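Architecture and fold: a report
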Amino acid sequence: MAISFDLAGKVALVTGANTGIGQAIAVALAQAGADVAVAGRSEPAETLDRIAGTGRASLDIRADLSSIEPVQRVVDAVIERFGRIDILVNNAGIIRRADLEVFTEEDWDAVVDTNLKTLFFLSQAAARPMLAAGAGKIINIASLLSFQGGIRVPSYAAAKSGVSGVTKALANELASRGVQVNAIAPGYIATNNTAALQGDETRNRQIMERIPTGRWGRPEDIAGAAVFLASPAADYVTGHVLAVDGGWLAR
Ligand code: NAP
């Protein structure tokens, strides 16, 4: 049997795809043949244009994922438009940086709710039709802080470590029923999420010095791993957190 990375006939849902890593993944999934729904709180015009450029269909679902309130509506919209959901990419996420002494409850709840709680309940909502179909792929965007503590970002480290745990928990539960659950841990990627680090001369130099590849990652660097994990080629891969980090963790 030929190994297939082809996503023709598949339907993907990507959260937070108006920019950054989510945009690169949404476009790459479309290039690989999938129709792609994007869910987020901001206008994703550029992403929709780029998906249209691949010849695939898209769907724009406006939803604030800081709470789980919209998750069922989001999945229902995908099913209503396309009749199925094969791939969920839980990408939407935020970060809060502050010293411990002044870290607020709001800094904790906002990050954990968006990055972890919504990820779990959106996975639950998407898994139901996947399980009914006997197949599906859930891909969570984790972080190096699924493995490390980071600096001044405790709620982010907690949430992303939780993403690693939830990925494995759901993988164990769903593996025998045809649904694979994996995560991608991006290294330091130049996006809005890391703008503060890129702008801090000292931190930027420290980060660059530690990346064996010798450069910040680009959103497109993450997209190949997402296509792989979404594809039939990865049908025996589940419960894995795949670092795409220019070698950072190997160092
Ligand atoms: P980004 O450009 O800031 O993208 C984050 C995305 O999440 C945006 O589309 C954003 O929408 C969306 N989002 C945030 N809060 C939301 C909410 N309440 N409801 C709906 N959508 C929301 O940064 P990025 O680097 O591409 O981040 C994407 C994912 O990668 C995140 O999970 C992040 O933690 C993870 N990650 C990034 C890096 C890195 O180095 N950049 C490293 C490891 C992991 P808005 O534009 O409306 O805010």
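All figures in this text were calculated on a predicted structure; none of them were measured in a lab.

Before going further, it helps to examine the site of the ligand. For the ligand, the set of nearby residues contains 30 residues, the closest of which are Asn 18, Ser 42, Asn 91, Tyr 156 and Thr 191. Against a free-state accessible area of 870 Å², the protein chains account for coverage of 93% of the ligand. For the shell around the ligand, the elements supplying multiple residues, two or more each, are helix 1 (20-31) and helix 5 (154-174). Counted by class, the shell around the ligand contains twelve nonpolar, 15 polar and three charged residues.

So, on to the side chain of Asn 90. Here Asn 90 is to be found in strand 4 (residues 87-90). For Asn 90, a relative accessible area of 4% corresponds to the buried category. There is a polar contact of 3.0 Å between the side chain of Asn 90 and the side chain of Ser 123. A distance of 2.9 Å separates polar atoms of two side chains, one belonging to Asn 90 and the other to Asn 140. Setting aside anything within four residues of it in sequence, one finds Asn 90 in contact with Thr 15, Leu 119, Leu 122, Ser 123, Ile 138, Ile 139, Asn 140 and Ile 141.

With that settled, consider unusual backbone geometry. Positive phi outside glycine occurs at Arg 152, with the angle close to 65°. Mapped onto the elements, Arg 152 comes out in the loop between strand 5 (136-141) and helix 5. On the basis of relative accessible area, Arg 152 is assigned to the partly exposed category, the value being 42%.

Between helix 1 and helix 2 (residues 45-54), whose axes approach to 8 Å, the crossing angle comes to 15°. Relative to helix 2, helix 1 is oriented roughly parallel. Both helix 1 and helix 2 take part in a crossing whose hand is right-handed. Contact with helix 1, carried on its side by Gln 23, Ala 26, Val 27, Ala 30 and Gln 31, involves Glu 46, Thr 47, Arg 50, Ile 51 and Thr 54 of helix 2 and no other residues of that element.

Attention now moves to the packing of aromatic side chains. One pass over the full model with this rule turns up four aromatic pairs. Here the aromatic rings of Phe 5 and Phe 228 are separated by 6.4 Å at their centres, their planes lie at 45°, and the arrangement is tilted. One end of the pair, Phe 5, is in the segment before strand 1 (11-15); the other, Phe 228, is in helix 8 (residues 219-230), with 223 residues separating them in the sequence. In this structure Phe 5 comes out as partly exposed when scored by relative accessible area, which is 45%. Between Tyr 188 and Trp 248, the ring centres sit 4.7 Å apart and the planes meet at 50°, which makes this aromatic pair tilted. One end of the pair, Tyr 188, is in the loop between strand 6 (179-186) and helix 6 (195-199); the other, Trp 248, is in the segment after strand 7 (241-244), with 60 residues separating them in the sequence. On the basis of relative accessibility, which here comes to 8%, the residue Trp 248 falls in the buried class. Grouping aromatic residues by their ring pairs yields a cluster made of Tyr 188, Trp 216 and Trp 248.

Here the focus is the environment of Thr 118. When you line up the elements, Thr 118 lands in helix 4 (residues 105-133). The spatial distance from the C-alpha of Thr 118 to the C-alpha of Gly 53 is 30 Å, given a sequence separation of 65 residues. Excluding residues within four positions of it along the chain, Thr 118 makes contact with Leu 65, Ser 66, Ser 67, Ile 68, Val 71 and Asp 113.

A full pass over the atoms with the stated rule returns ten salt bridges. Residues Arg 56 and Asp 35 are paired through a salt bridge, measuring 3.1 Å at the closest nitrogen-oxygen approach. Separated by 21 residues along the polypeptide, Arg 56 in the loop between helix 2 and strand 3 (58-62) and Asp 35 in strand 2 (residues 35-40) bring together distant segments of the chain. A residue is classified by how much of its surface remains accessible, and Asp 35, at 14% relative accessible area, is buried. The residue Asp 107 makes a salt bridge to Arg 96 at a minimum N-O spacing of 3.1 Å.

What counts, and where the lines are drawn
- Residues numbered from 1 in each chain as written.
- Predicted model: local features only at pLDDT ≥ 70, side-chain atom pairs only at ≥ 80, totals over all residues.
- Heavy atoms only, no water.
- Near = heavy atom within 4 Å.
- Areas by Shrake-Rupley, 256 points an atom, 1.4 Å probe, with all protein chains shown as cover.
- Helix = DSSP H or I, 4+ residues; strand = E, 2+ residues; numbered from the N terminus.
- Nonpolar A, V, L, I, M, F, W, Y, C, P; charged D, E, K, R; others polar.
- Buried < 20%, exposed > 50% of the residue type's maximum accessible area, 1.4 Å probe, protein only.
- Polar contact = N/O pair within 3.5 Å; in protein donor to acceptor, adjacent residues only side chain to side chain.
- Contact = heavy atoms within 4.5 Å.
- Axes fitted to C-alpha atoms, helices over the stretch in contact; angles between N-to-C directions.
- Parallel < 35°, antiparallel > 145°, perpendicular 65-115°, else oblique.
- Left-handed = near helix turned anticlockwise from the far one by under 90°.
- Phe/Tyr/Trp six-rings, centres within 6.5 Å; stacked < 30°, edge-to-face > 60°.
- Salt bridge = Lys/Arg side-chain N within 4 Å of Asp/Glu carboxyl O.

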